[in-house]
Amino acid sequence: MGSEMEPLLLAWSYFRRRKFQLCADLCTQMLEKSPYDQAAWILKARALTEMVYVDEIDVDQEGIAEMILDENAIAQVPHELFSKALDLAALSTEHSQYKDWWWKVQIGKCYYRLGMYREAEKQFKSALKQQEMVDTFLYLAKVYISLDQPVTALNLFKQGLDKFPGEVTLLCGIARIYEEMNNISSATEYYKEVLKQDNTHVEAIACIGSNHFYSDQPEVALRFYRRLLQMGVYNCQLFNNLGLCCFYAQQYDMTLTSFERALSLAENEEETADVWYNLGHVAVGLGDTCLAHQCFRLALVNNNHHAEAYNNLAVLEMRKGHVEQLPAVDVLVDSICALTESTLKEQDVHGSAESEGYNGNDGSKGEYEADKQVELAYNEEEDGDDREEDVQDDKEKLQMDPADYGIRADLASDRPGSKRNLVESLISFHESNSLCGDTARTNPKVVAAAVKSPQQTT
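Residues numbered from 1 in each chain as written. Predicted model: local features only at pLDDT ≥ 70, side-chain atom pairs only at ≥ 80, totals over all residues. Heavy atoms only, no water.

**Considerations on the overall build of the protein**
Operational definition: Here a helix means four or more residues in a row that DSSP labels H or I, a strand means two or more in a row labelled E, and each is numbered from the N terminus. Buried, partly exposed and exposed residues are distinguished by accessible area as a fraction of the type maximum, computed with a 1.4 Å probe on protein chains only: under 20%, between the cut-offs, and over 50%, respectively. Residues are treated as being in contact if the distance between any of their heavy atoms lies within 4.5 Å. In these tables, accessible area is a Shrake-Rupley quantity obtained with a 1.4 Å probe, and a residue counts as shielded only by the protein chains included in the view.
Summing up its helical and strand segments, the protein has 24 helices and zero strands in all. Put simply, the protein has 458 residues, and 38% of those count as buried. Taking the contacts inside the protein whose residues are at least 6 apart along the sequence as the reference set, 53% of them involve residues at least 24 apart. Looking at the protein as shown, the accessible area adds up to about 26600 Å², and 51% of this sits on carbon and sulfur atoms.

Here it is as structure tokens:
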């Protein structure tokens, strides 16, 4: 008869593995037997806190509600709540004769929640003049990021570093902005600075590991991810990354074991789909196209909108010569076109803002128009004009392996067979960047977010 683990140690094990509900339930059972057990009370309080913890200062991104639901419908109750809070903070500021920086920060937070970013900017700047605080710098940076002004946010963070040298949150904010701007080298340098100040910073370790992975250094990345495992990070994303690093580092004995653990820890269908998608990449690397085909299909079973899995299934069929019978071509095309249409709408909105930026005090509106004309001329030159040599070039490209070239997708084409041309273009382009490349679906912020806010899985 094997000995059972002590309940308090088991509860602590649940807590380290981010299973906070199980930890809280076990602590409750212990407290029923021993109501004065302080360790159980403290552990239960920490578990319940972590279940609902949200870092308000953290540079948040647009949530699912803002992207999908009706903005007016979901904003009615929050607007009423923050409007009342705004009135209360305004009265308090007036009572303090506008000399209390804390109430100005609260007013700025209310304005930020109400979407009044310029008013929030004024309040945070006024608060910084009275009292320089790290939180105020972070709140003001959130405002600039919401206004799509990353350079201004970078300058603000650097000003904050002058006042608070070595502050981890400011360094991490700079690294995130550089990462969003696809300046990975600069982001990595700042994440290294973060580790100099805090060598247990989960996000910095994960991001540096991801950078080493995409730099064809899976062995080095593996060391960083194992460090996270030693620190108690225990989730699907980490084991998924470990499996990919082990595979590309040729440590095959740990590859499938890591993926099996990732599947067991997946908390939703999207995570499961990503794991099967990566297993499909492993199968492709092993040359087992049948297994890859099954893995990609399992990814679609769990997430029917997994565009990468559709793409790679189409690539596998294309390699078999089944160009006219590509699986789920219509679904793939409709999904990509819908996504492209929404992306173009967003670009139109940002483009109008950019054009306004060109028409600033420097009087460079003509420069903006000239850039647009050059871009249009370049696109026309690249697209061709359906001449015989263009058709011949397309035929030669179709005879090549899709991984050896890339075709620009002409989404606006109305020529005969444009759907097939679109599919072949998307397949060849995405294959060169996905199927044949090191496309581990590793997101360092996913690992960090799982630590900061356990309820978030993406």
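**So, the UniProt feature "repeat: TPR" (unreviewed entry) in the protein**
The criterion, for reference: UniProt positions are given in the numbering used here, feature names are shortened, and annotations may be inferred rather than shown by experiment.
What UniProt calls "repeat: TPR" (unreviewed entry) maps, in this numbering, to residues 236-269. Helix makes up 82% of residues 236-269 and strand 0%, and the two end C-alpha atoms of the span are 12 Å apart.

**Remarks on the confidence of the model for the protein**
Condition: In predicted models, pLDDT denotes the confidence assigned by the predictor to each residue on a 0 to 100 scale.
Considering every residue of the protein, the mean pLDDT works out to 74; 65% of them sit at 70 or more. Within the model, pLDDT remains below 50 along residues 62-75, and this stretch shows five contacts once partners closer than five positions in the same chain are excluded. pLDDT under 50 marks residues 349-458. Its contacts with residues more than four places away, or in other chains, come to 151 contacts.

**Observations concerning the packing of helix α10 (residues 150-163) against helix α11 (residues 168-180)**
For clarity, the cut-off: Only the stretch in contact is used when fitting a helix axis, every axis being a line fitted to C-alpha atoms; angles between N-to-C directions are given from 0 to 180 degrees. Convention used here: angles under 35 degrees read as roughly parallel, angles over 145 as roughly antiparallel, angles from 65 to 115 as roughly perpendicular, and any remaining angle as oblique. Whether a crossing is left-handed or right-handed is set by the direction in which the near helix is turned from the far one by less than a right angle, anticlockwise for left-handed and clockwise for right-handed.
Where α10 contacts α11, the axes come no closer than 9 Å and their chain directions differ by 160°. When the axes of α10 and α11 are compared, the pair comes out roughly antiparallel. Handedness of the α10/α11 crossing: left-handed. The residues of α11 that touch α10, namely those facing Pro-150, Ala-153, Leu-154, Phe-157, Lys-158, Gly-160 and Leu-161, are Leu-170, Leu-171, Gly-173, Ile-174, Ile-177 and Tyr-178.

**Structural notes on helix α8 (residues 117-130)**
The criterion, for reference: Helix span is expected to be 1.5 Å times the residue number reduced by one. Note: the arc covers the axis-to-C-beta directions of the helix.
Taking 1.5 Å of rise per residue, 14 residues should cover 20 Å, and α8 covers 20 Å from first to last C-alpha, within 8% of that figure. Within α8, the full set of buried residues consists of Ala-120, Glu-121, Phe-124, Ala-127 and Leu-128. Seen end-on, α8 carries its buried residues on one side only, within an arc spanning 130°. In α8, the exposed positions angled more than 90 degrees off the buried face are occupied by Lys-122 and Lys-129. The secondary structure elements touched by the buried residues of α8 are α7 (101-113) and α9 (134-146).

**Focus: unusual backbone geometry**
A positive phi angle, close to 60°, is found at Tyr-98, a residue other than glycine. Along the chain, the position of Tyr-98 falls in the loop between α6 (76-95) and α7. One non-glycine residue, Asp-148, lies in positive phi territory at about 60°. Secondary-structure assignment places Asp-148 in the loop between α9 and α10.

**A closer look at the packing of aromatic side chains**
Our working definition: Stacked, edge-to-face and tilted are the three classes for Phe, Tyr and Trp ring pairs, Trp counted by its six-membered ring, which pair at centre distances within 6.5 Å; planes under 30 degrees apart are stacked, over 60 edge-to-face, the rest tilted.
If you walk through the whole model with that rule in mind, you get 13 aromatic pairs. Here Phe-213 and Tyr-248 contribute two aromatic rings whose centre-to-centre distance is 5.5 Å and whose plane-to-plane angle is 80°, an arrangement assigned as edge-to-face. One end of the pair, Phe-213, is in helix α13 (residues 202-214); the other, Tyr-248, is in helix α15 (residues 236-248), and 35 residues separate them in sequence. Consider the rings of Tyr-234 and Phe-239, whose centres lie 5.2 Å apart with planes at 85°: the pair is edge-to-face. These aromatic residues form a ring-pair network of at least three members: Phe-213, Tyr-214, Phe-247, Tyr-248 and Tyr-252.

**Some thoughts on the side chain of Arg-176**
Threshold: Pairing of N or O atoms within 3.5 Å defines a polar contact, subject to two protein rules: one partner must be a possible hydrogen donor and the other a possible acceptor, and residues neighboring in sequence count only if both atoms are side-chain atoms.
Mapped onto the secondary structure, Arg-176 falls in helix α11. On the basis of relative accessibility, which here comes to 11%, the residue Arg-176 falls in the buried class. Here Glu-203 takes part through its side chain, which lies 2.5 Å from a polar atom of the side chain of Arg-176.

**A short note on α15**
Its 13 residues place the ends of α15 19 Å apart at the C-alpha level, agreeing with the 18 Å of an ideal helix rising 1.5 Å per residue. Burial runs high along α15: twelve of the 13 residues are buried. Along α15, the residues that are buried comprise Cys-236, Gln-237, Leu-238, Phe-239, Asn-240, Asn-241, Leu-242, Gly-243, Leu-244, Cys-245, Cys-246 and Phe-247. At the C-terminal side of α15, Gln-250 shows a positive phi close to 65°.

**Quick notes on the state of the cysteines**
Let me state the cut-off plainly: In this description, a disulfide is simply a cysteine sulfur pair whose atoms lie within 2.5 Å.
According to the stated counting rule, one finds zero disulfides in the structure shown. Not part of a disulfide, Cys-27 finds its nearest cysteine sulfur in Cys-23, a span of 4.2 Å.

**Focus on the nonpolar core**
What counts here: Put simply, a nonpolar core is a bunch of buried Ala, Val, Leu, Ile, Met, Phe, Trp, Tyr and Cys residues held in one set by side-chain atoms that sit within 4.5 Å of each other.
Grouped together as the largest cluster of nonpolar side chains are 65 residues, with contacts concentrated most on Phe-124, Phe-157, Leu-170, Tyr-191, Tyr-225 and Leu-228. Not counting residues up to four positions away in its chain, the partners in contact with Phe-157 are Leu-138, Ala-141, Leu-170, Gly-173, Ile-174 and Ile-177. The next biggest cluster of nonpolar side chains, apart from the first, holds 14 residues, and it includes Ala-24, Met-30, Leu-31 and Leu-43.

**A short note on the environment of Trp-12**
Note on placement: Trp-12 falls in helix α1 (residues 7-16). Here the alpha-carbon distance between Trp-12 and Ala-40, two residues 28 residues apart in the chain, equals 9.5 Å. In this structure, Trp-12 is in contact with Leu-43 and Arg-46, ignoring residues within four places of it in sequence.

**Re the environment of Glu-267**
Secondary-structure assignment places Glu-267 in the loop between α16 (252-265) and α17 (269-286). The class for Glu-267 is exposed, based on a relative accessible area of 55%. As a C-alpha pair, Glu-267 and Cys-236 span 31 residues in sequence and 7.9 Å in three-dimensional space.

**A short note on the side chain of Thr-255**
Turning to its location among the elements, Thr-255 is positioned in helix α16. For Thr-255, the side chain forms a polar contact with the main-chain nitrogen of Phe-247, separated by 3.3 Å. Discounting chain neighbours no more than four positions away, the residues touching Thr-255 are Gly-243, Cys-246 and Phe-247.

**Thoughts on the pattern of salt bridges**
Our working rule: Here, a salt bridge means any side-chain nitrogen of Lys or Arg that lies within 4 Å of a carboxyl oxygen of Asp or Glu.
Scanning all chains against the criterion turns up five salt bridges. In this structure, the salt-bridge partner of Glu-121 is Arg-118, at a minimum N-O distance of 2.9 Å. Pair noted here: Glu-121 and Arg-118 are both in helix α8, with a separation of three residues, about one helical turn. Residue class for Glu-121 comes out buried when judged on its relative accessible area of 10%. For Arg-118, a relative accessible area of 41% puts it in the partly exposed group. The salt bridge partner of Arg-176 is Glu-203, with a shortest N-O separation of 2.5 Å. Linking Arg-176 in helix α11 with Glu-203 in helix α13, this pair joins segments that are 27 residues apart in sequence.

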